[in-house]
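Per-entry structural report
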Amino acid sequence: MSWAANRVIVYLTLAVFAAVFLYQLVLTVPFIEALGVAGSTALAVFLTWAMSREIDPAHDWSAFAGLPFTLAAALLYGSPTLITLFFLLLFSRMINGTTGRRATLFDAVMLSALAVILFTNSVFIGLPLLALGFGFEAITVPGNRDKAYFSVLSIIIFIMMLIFFYPDHYYVPGYNLYTGTAALIMIILTIILIAGTKESRVKADHGNKKLENSRILLTQAAAAFFIITELFFKGNIALVMLYPVLFAYLGTAVYNLVRRPDRGG
């Protein structure tokens, strides 16, 4: 991973925070509210970059391609749902192995707690996706056999919460022209990413182990599945909740399309 790219995103995030904060003050927005708007906008930009790094770790600069779109969306539509983005980011890091370390007990508890919180906020797909992720870890990593318990636990919690919160409620999907189009675009972008993902030469953050291609591909597919499912269950509101991830896929896919094959990322 390029340290130059890391420095750029830090400076860029701070610049976005300062610019939006000053802009809010010019609009005579109260100081505390201006801080909140600036902070959430800067976080949305940073999370777009961070998610882009997880789905396309081979190219340092592809993570910047979607940032202008996120900045524009944040100014127009406000903050996305940050807790959902944090969950998806942590889940992706567990699957693709960019940290270079196996998921710890703390990681498993943190992800499980976030998935439960998301469920109470009507983001249902978190727990089933987490069950699959923990199951994958238990099967593929010998030292992570204990994650099988968390996989089963995630399924049990999901079923119990469905019974407790929605005993007689059949949720109507939010499919419409906009969400259908967005889902189709997500599928196309994911296919582009998967097709452009070759055997990785990128090393994890810790240690000298190279990232596994199969894990990167699974991360790309799993995160896209999360987004598409939420589009169909939440309707148009999912576009506002999750636009940083949508633009992460857009930016990295377009970068993979237009970059010269003989050049590095």
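Structure first, text after, so check above.
Just so it is clear, the structure is predicted and the values come from calculations on it, not from any experiment. (Residues numbered from 1 in each chain as written. Predicted model: local features only at pLDDT ≥ 70, side-chain atom pairs only at ≥ 80, totals over all residues. Heavy atoms only, no water.)

1. Notes on the overall build of the protein
Along the backbone of the protein there are 10 helices and zero strands. When its helices and strands are written in sequence order, the protein yields α-α-α-α-α-α-α-α-α-α. Counting across all 265 residues of the protein, residues that qualify as buried make up 47%. Summarising the internal contacts of the protein: among those between residues at least 6 apart in sequence, 75% fall at separations of at least 24. Of the roughly 13,500 Å² of accessible surface on the protein, a fraction of 72% belongs to carbon and sulfur atoms. (Helix = DSSP H or I, 4+ residues; strand = E, 2+ residues; numbered from the N terminus. Buried < 20%, exposed > 50% of the residue type's maximum accessible area, 1.4 Å probe, protein only. Contact = heavy atoms within 4.5 Å. Areas by Shrake-Rupley, 256 points an atom, 1.4 Å probe, with all protein chains shown as cover.)

2. Examining the packing of aromatic side chains
Summed over all chains, the structure comprises 11 aromatic pairs. A centroid spacing of 6.2 Å and a plane angle of 5° characterise the contact between phenylalanine 17 and phenylalanine 21, whose relative ring orientation is stacked. One end of the pair, phenylalanine 17, and the other, phenylalanine 21, are both in helix α1 (residues 3–26), four residues apart, so they sit about a helical turn from each other. Judged by relative accessible area, which is 13%, phenylalanine 21 ranks as buried. (Phe/Tyr/Trp six-rings, centres within 6.5 Å; stacked < 30°, edge-to-face > 60°.)

3. Here's the deal with the pattern of salt bridges
Using the criterion set out here, one finds five salt bridges in the structure. Linking arginine 215 and glutamate 212 is a salt bridge whose minimum nitrogen-to-oxygen distance equals 3.8 Å. Given a relative accessible area of 7%, arginine 215 falls into the buried group. Here glutamate 212 falls in the partly exposed class, since its relative accessible area comes to 33%. Connected via shared salt-bridge partners are Glu137, Glu212 and Arg215. (Salt bridge = Lys/Arg side-chain N within 4 Å of Asp/Glu carboxyl O.)

4. Considerations on a nonpolar patch on the surface
There is a patch of nonpolar side chains on the surface, built from Leu22, Leu25, Phe31, Ile32 and Leu35 and spanning about 470 Å² of accessible area. The set of elements that each furnish at least two residues to the nonpolar patch consists of α1 and α2 (31–55). The greatest single-element share of the nonpolar patch, amounting to three residues, is contributed by α2. When you line up the elements, leucine 25 lands in helix α1. Among the residues examined, leucine 25 registers a relative accessible area of 32% and is labelled partly exposed. (Patch = residues over 30% accessible without salt bridge, like charges linked within 9 Å, V, L, I, M, F, W, Y side chains within 5 Å.)

5. Considering unusual backbone geometry
Look at threonine 28: it is not a glycine, yet its phi comes out positive at around 65°. Within the secondary structure, threonine 28 is located in the loop between α1 and α2. In this structure threonine 28 comes out as exposed when scored by relative accessible area, which is 67%. The backbone phi angle of serine 122 is positive, close to 70°, even though this residue is not glycine. Along the chain, the position of serine 122 falls in the loop between α5 (105–120) and α6 (126–140). Classification of serine 122 as partly exposed rests on a relative accessible area of 22%.

6. What to know about the environment of leucine 43
Among the secondary structure elements, leucine 43 is positioned in helix α2. When its relative accessible area of 31% is taken as the criterion, leucine 43 is described as partly exposed. Taking the C-alpha atoms as reference, leucine 43 lies 8.8 Å from serine 79; in sequence the two are 36 residues apart.

7. Observations concerning the nonpolar core
Grouped together as the largest cluster of nonpolar side chains are 61 residues, with contacts concentrated most on Met51, Phe87, Phe91, Phe226, Ile227 and Tyr249. Here the element with the most residues in this core is α2; it accounts for nine residues. With sequence-adjacent residues up to four places away left out, methionine 51 is seen in contact with Leu88, Leu89, Ser92, Ala223, Val245 and Ala248. (Core = buried A, V, L, I, M, F, W, Y, C linked by side-chain atoms within 4.5 Å.)

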